Amino acid sequence: MSTSSFDDRLVIGGKRLRSRFLFGTGRFPSPAVLQQALSAAEAEVITFAVRRVSLERVEDDSLLQHVLDKELIYLPNTSGARTAEEAVRIAKLARGAGLGNWVKVEISANARTLLPDPIETLKATDMLANDGFVVLPYTSDDPILCSKLEQAGAAAVMPGGSPIGSGLGLLNPYHLGLIIEEAKVPVIIDAGIGSPKDAAEAMELGASGVLANTPVAKALDPILMAQAFRMAIEAGRMARLAGRIPKKRYASASSEEQGSLFGAARPSTAGGQD
Amino acid sequence: MASTIIILGGGIIGLSCAYEAAKRGLKVSIIEPGAFGGQASGAAAGMLAPFSENTEQPDHFFQLCYSSLNLFPAWISEIESITGISTEWVQSGSIHVFQHEADLLPIQSRLQWHNEWGARSELVSQAQLRKLEPHITEDAIAGIYTPGESHVFAPKLAIALEAACSKLGIEMISQAGQLEDLKPSAVGGASIRMQNMRKARHADQVVICSGAWASQFEQYLGLSIPIHPIRGQICSYEMQEIEIRHIVFSSQAYWVGKKNDRLVCGASEDVAGFDTTTTERGIQRLVRSSAEWFPFLQDRAVAHQWAGLRPATRDGMPLIGTISGMPGIMMAAGHYRNGILLSPITAKLIGDLLEDKAVRLSLGAFAPSRFTVCL
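Quick caveat, the model's predicted, so the values are computed rather than measured.

### Here we look at helix H2 (residues 84-96) of chain A
Residues and elements named next belong to chain A. Here H2 is 13 residues long and its end C-alpha atoms lie 18 Å apart, about the 18 Å a rise of 1.5 Å per residue gives. Among the residues making up H2, those that are buried are Ala 84, Glu 86, Ala 87, Val 88, Ile 90, Ala 91 and Ala 94. In this structure, the buried residues of H2 make contact with strand S5 (73-77), strand S6 (102-105) and helix H3 (118-130). Among the residues trailing H2, Gly 98 stands out with phi positive, at a value near 85°.

Written out as structure tokens, the structure reads:
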């Protein structure tokens with residue numbers, strides 16, 4: 001039986017996306033593994049650090065040259081930026097180089113945790129949204145901050161589950177749940193995802209999508225892992241739409257006595273032949 | 001303990017393993033389907049740069065690279081003195097150059113762990129950078145200088161190793177053609193049959209050092225061996241003098257000044273099966289990158305261009321070790337961009353395994369069976 005014809009596609013900045021899996025391109029062991037993992041992921045949006053790519057000629061770039069044949073939306077990120085002004089400068093470099101007008105704002109204040117600087121992130125989001133960018137800020141999992149980012153013009157907000165590359169999963173599902181509840185733009189869980197179960201958890205919480213890089217690129221088999229992530233994100237989304245059961249403290253039998261074989265074998269007190 | 005050894009594959013890894021096994025008194029034959037010198041080996045820029053190649057964390061792969069760097073000085077001088085062939089080892093140091101302010105943040109954590117491992121790396125300012133590399137573009141705003149990194153001339157190293165193997169009395173068989181069969185033998189050890197060899201050959205141990213071709217052994221070993229060739233295109237310029245003093249890395253390319261008045265620029269990586277031709281696109285992106293980072297190269301013509309096949313793996317780490325259920329067969333393949341650097345440590349590990357000696361490094365991360373899951 002097919003479900004309704006309701007089109008459950010993620011829309012960001014007016015663009016209807018084929019996939020809810022946003023794909024990070026860093027740290028893959030070889031171009032072949034990157035290409036095959038990207039195919040297995042079936043992702044449409046890819047992210048990469050602007051500081052790493054060749055802005056003079058994008059087609060020459062050591063990374064982007066391997067994905068030029070695919071129909072993708074680029075989400076250049078400002079990783080390494082420490083201030084709003086720097087992030088804005090990087091975003092403009094990327095747009096100037098023809099990489100599109102989407103940008104992932106990523107501003108870190110601490111080299112060890114790489115946690116986002118909330119104040120600079122808000123400033124940069126405001127400046128870039130006013131300048132016509134489709135802004136997706138990577139942010140702390142703070143519900144108030146996320147709503148301020150939304151007011152500042154973010155096309156989606158991307159709270160981290162835990163620090164970048166840590167693989168610690170969703171450390172504060174309660175906050176993420178609040179963010180999702182209140183947001184009027186898509187919420188993409190970015191950073192800290194360790195395995196497909198974290199991605200499925202994020203989607204079941206009601207996230208609109210998941211951005212993952214390290215848990216795919218550094219897996220023993222990134223191609224297989226990309227496929228596993230795709231399936232987990234799809235499964236989590238379906239589960240969210242399907243509606244999970246409430247949690248109960250004690251068992252409740254999955255088959256009721258009346259309808260069971262043993263129930264039927266007992267002498268019946270009603271019905272039957274008179 | 002094994003006493004007769006067949007090394008399959010005559011690239012830098014196979015030659016190094018054969019040399020090591022013979023030094024330990026084992027009777028060694030090395031069998032190469034084509035010509036000695038390999039497909040990745042001779043094409044490599046010969047950089048010994050474990051820090052620059054590992055910027056994220058001191059994982060198992062970094063530790064393997066690091067151990068190998070430490071073996072290099074003694075290993076090189078031994079091979080050079082046995083053969084009288086210079087491998088043109090240049091202790092140049094390296095500089096990773098940056099154009100963006102945003103590059104500086106990740107440098108901090110990199111420098112911290114690199115220096116804990118003795119890299120003696122330092123962040124150099126634009127002014128210092130121009131003193132170290134006078135010809136670098138003014139757009140370079142900073143660099144990481146790592147004094148302990150160096151380079152050899154890879155084709156010479158391959159020639160020297162081949163000569164060293166001959167000197168040790170190793171049976172050297174080239175042009176053996178394709179592998180036709182490999183099987184464990186009922187009497188112990190394993191036997192192989194090659195297209196151009198009349199008889200099957202048997203040894204107590206067969207060591208597979210087949211680089212990018214190693215996945216063909218899947219059918220004989222019952223293992224998943226996801227090694228695939230990545231083409232690496234390289235070009236070189238004529239140099240009047242030493243115009244680039246260090247190994248210079250950027251996000252797009254690297255430059256190495258060789259002793260033979262050649263400046264080598266690499267590498268354009270792409271996925272092209274076993275094709276080793278160069279492409280206009282692959283070489284021209286190096287040319288444009290060279291002109292951008294070193295403006296004096298703008299008007300200089302490319303002198304040579306070539307390509308090699310690098311054996312890449314799914315997780316970026318080589319396959320080194322014994323194969324469970326096949327006591328007569330071991331493997332050392334999948335070294336990707338680091339085969340030259342990893343030669344001495346790979347040879348030492350294989351030598352220890354051949355002698356049933358305890359191995360210093362944990363080999364779990366490199367186990368050839370790690371991609372094969374049963375049940």
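### Comments concerning the environment of Glu86(A)
Residue and element names in this part refer to chain A. Note that Glu 86 resides in helix H2. For Glu 86, a relative accessible area of 3% puts it in the buried group. When the C-alpha positions of Glu 86 and Ala 124 are compared, they lie 8.8 Å apart, and in sequence the two are 38 residues distant.

### Some thoughts on the interface of chain B and chain A
Frequently, the measure chosen for interface size is the accessible area removed from exposure when the parts meet. Taken together, the contact between chain B and chain A spans 30 residues of the former and 40 residues of the latter. Taken together, the connections running from chain B to chain A amount to six salt bridges. In this structure, Arg27(A) engages Glu56(B) in a salt bridge whose closest nitrogen and oxygen atoms are separated by 2.9 Å. Between the two partners, chain B and chain A, sit 14 residue pairs in polar contact (both at pLDDT 80 or more). Elements with a contribution of two residues or more to the side of chain B that touches chain A: helix H3 (104-116), strand S13 (228-238), strand S16 (262-270) and helix H7 (280-293) of chain B. Of all the elements, H3(B) adds the most residues to the side of chain B that touches chain A, at five residues. When its residues are assigned to classes, the side of chain B that touches chain A shows nine nonpolar, nine polar and 12 charged.

### Points about the sheet that holds strand S2 (residues 27-31) of chain B
Sheet strands line up and pair through hydrogen bonds in the backbone, either parallel or antiparallel. Residues and elements named next belong to chain B. One open sheet holds the six strands; their spatial order is S8-S2-S1-S12-S19-S18, and the pairing between them is mixed. Whereas interior strands pair on both sides, the edge strands pair on one side only; in this sheet they are strand S8 (171-173) and strand S18 (319-323). Within the sheet, the average angular offset between the axes of one strand and its neighbour, ignoring direction, is 15°. Relative to strand S19 (residues 326-333), S18 runs antiparallel, the two being bridged by five bridges. The residue bridging Ile 320 from the neighbouring strand is Ala 332, located in S19. Along the sheet, helix H8 (residues 339-354) contacts strand S1 (4-8), strand S12 (205-208), S18 and S19; its crossing angle with S19, the most-contacted strand, is approximately 175°.

Cut-offs and rules
Residues numbered from 1 in each chain as written. Chains lettered and ligands numbered in written order. Predicted model: local features only at pLDDT ≥ 70, side-chain atom pairs only at ≥ 80, totals over all residues. Heavy atoms only, no water. Helix = DSSP H or I, 4+ residues; strand = E, 2+ residues; numbered from the N terminus. Expected span 1.5 Å × (residues − 1). Buried < 20%, exposed > 50% of the residue type's maximum accessible area, 1.4 Å probe, protein only. Contact = heavy atoms within 4.5 Å. Salt bridge = Lys/Arg side-chain N within 4 Å of Asp/Glu carboxyl O. Polar contact = N/O pair within 3.5 Å; in protein donor to acceptor, adjacent residues only side chain to side chain. Nonpolar A, V, L, I, M, F, W, Y, C, P; charged D, E, K, R; others polar. Pairing = 2+ DSSP bridges. Axes fitted to C-alpha atoms, helices over the stretch in contact; angles between N-to-C directions.

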